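Report on the structure
For reference, the chains in residue letters:
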Amino acid sequence: MKRLVFSMMILTLTGFTQIADGVDYSIYDLQYQSDPEELNSPHVGENVNCTGGIVIHKFGGSKPKITLYEPAYPDGWGGIVVKDFTDAKDFYNTVNIGDWISLADTTIEESKGNTQLMFEDKSGFVVESTGNDLPEPIPIEPNDITAPIYQTSPEGWLVENHKAEKYEAMLVKVDNIIVTEKDLGKAADNYSLVIFNNAGPNDICWAADYMNEEVEDDDYHRFVDLGSRFCSVTGIIEQYDGYKNYYEWDYYQLLTTRTGDLKRYTPADINGDCKVDFLDLAELGQYWLWGTE
């Protein structure tokens, strides 16, 4: 990470000088739980100052959200989402990918299983530096994300455990997988990713493309279909925990953010190492003109 510090830029809505409880918390402080089944932040409901992290993703909407990454904790509990609840959306519109931002007087909430910072009219933020390197995705196995295994109704699913909680709001990557199901989850926009040709019963996770900037009118990216094989799929982990009537949902999903997150397998990769290079050419050479004699 490069840290290009410039003169402090203070942007405020009602005054950045208001200090929340006089205590600064890191993203790790706000996220970490020693018990993986304890899903809520230890500071839920509190007004806090957050020392912040690097902006790795922005997603618009009526309450646009920013995903922050704290590089001191690359293996877990190092990501968090900030939602902009203000009318002007000065926070969302000002910060950029690669900025390190800190926040003051924001409230910790739990929304559908996700720990979030609420940026409100009373809140403030500082752009500490710009141009910071973005993180490499954490390589994990599909079963680290915990696809739901309990179906409570035709449209309700629950996970067996919450070991994926440590990856909430973090960038991860699963390798050598294939799409086996679609139209899953609460919004019927999830798809399952299974290890290709070597999958055990738990080697499966769910993904979705609703945060992908290159998906407009469809639920899925154009690369995603039944049988689609990928060398890797990268995305941000989000939990969905909710209830409606007799439907019950509690699952984690890997959210792609751009086309580059879906690294497709190509038949030109003859040796299957997800590279097209001289090794593939050598393999092809062994069989050149085979069957023509």
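Above this text sits the structure in question.
The paragraphs below set out a description of the structure included in this document. Predicted, not measured: the structure shown is a model, and the values here were computed from it.

Right, let's talk about the layout of surface pockets for a bit. The space that makes up the largest pocket amounts to roughly 400 Å³. Listed by contribution, the elements that provide at least two residues to the lining of the largest pocket are strand S3 (47-59), strand S12 (171-184) and strand S15 (229-244). When its residues are assigned to classes, the lining of the largest pocket shows seven nonpolar, five polar and seven charged. Lining the second largest pocket are 17 residues, and of these Lys112, Tyr210, Glu238, Tyr240 and Gln253 lie nearest its centre. Broken down by secondary-structure element, the contributors of at least two residues to the lining of the second largest pocket are strand S7 (114-119), S15 and strand S16 (247-255). The element contributing the most residues to the lining of the second largest pocket is S15, with three residues. Taken together, the residues of the lining of the second largest pocket break down into five nonpolar, six polar and six charged.

Turning our eyes to something else, we now look at empty space enclosed by the protein. For the structure on display, the rule yields two cavities of 30 Å³ or more. Empty space within the largest cavity amounts to approximately 100 Å³. In this structure, the largest cavity is lined by 13 residues; those nearest its centre are Lys65, Val81, Ile236, Ile237 and Glu238. Looking at the lining of the largest cavity, the elements that each hand over two or more residues are strand S4 (65-69), S7 and S15. Considering only residue class, the lining of the largest cavity consists of six nonpolar, four polar and three charged. The space that makes up the second largest cavity amounts to roughly 50 Å³. For the second largest cavity, the full set of lining residues is Tyr69, Pro74, Pro135, Glu136, Ile138, Met170 and Leu171.

We now examine the nonpolar core. Among the nonpolar cores identified, the biggest contains 43 residues, and Ile145 and Leu193 are the most heavily contacted of them. Breaking this core down by element, the ones donating at least two residues are S3, S12, strand S13 (190-195), strand S14 (204-208), S15 and S16. Ignoring anything within four residues of it in the chain, the contact list for Leu193 reads Pro142, Val174, Ile177, Ile178, Val179, Asp203, Ile204, Cys205, Ala207 and Val233. One finds Val48, Leu68, Phe91 and Val95 within the second-largest nonpolar core, a separate group that totals 20 residues.

Time to look at the pattern of salt bridges. By the definition in use, this model includes six salt bridges. Linking Asp105 and Lys122 is a salt bridge whose minimum nitrogen-to-oxygen distance equals 3.6 Å. Of this pair, Asp105 sits in strand S6 (residues 100-111) while Lys122 sits in the loop between S7 and strand S8 (124-130), and the two are 17 residues apart along the sequence. A relative accessible area of 3% means that Asp105 is categorised as buried.

How each quantity is defined
Residues numbered from 1 in each chain as written. Predicted model: local features only at pLDDT ≥ 70, side-chain atom pairs only at ≥ 80, totals over all residues. Heavy atoms only, no water. 1 Å grid on protein atoms, 1.4 Å probe; cavity = no way out; pocket = protein on both sides within 12 Å on 5 of 7 lines; lining within 4 Å. Points joined across faces, edges and corners; volume = space filled by probe spheres on them. Helix = DSSP H or I, 4+ residues; strand = E, 2+ residues; numbered from the N terminus. Nonpolar A, V, L, I, M, F, W, Y, C, P; charged D, E, K, R; others polar. Core = buried A, V, L, I, M, F, W, Y, C linked by side-chain atoms within 4.5 Å. Buried < 20%, exposed > 50% of the residue type's maximum accessible area, 1.4 Å probe, protein only. Contact = heavy atoms within 4.5 Å. Salt bridge = Lys/Arg side-chain N within 4 Å of Asp/Glu carboxyl O.

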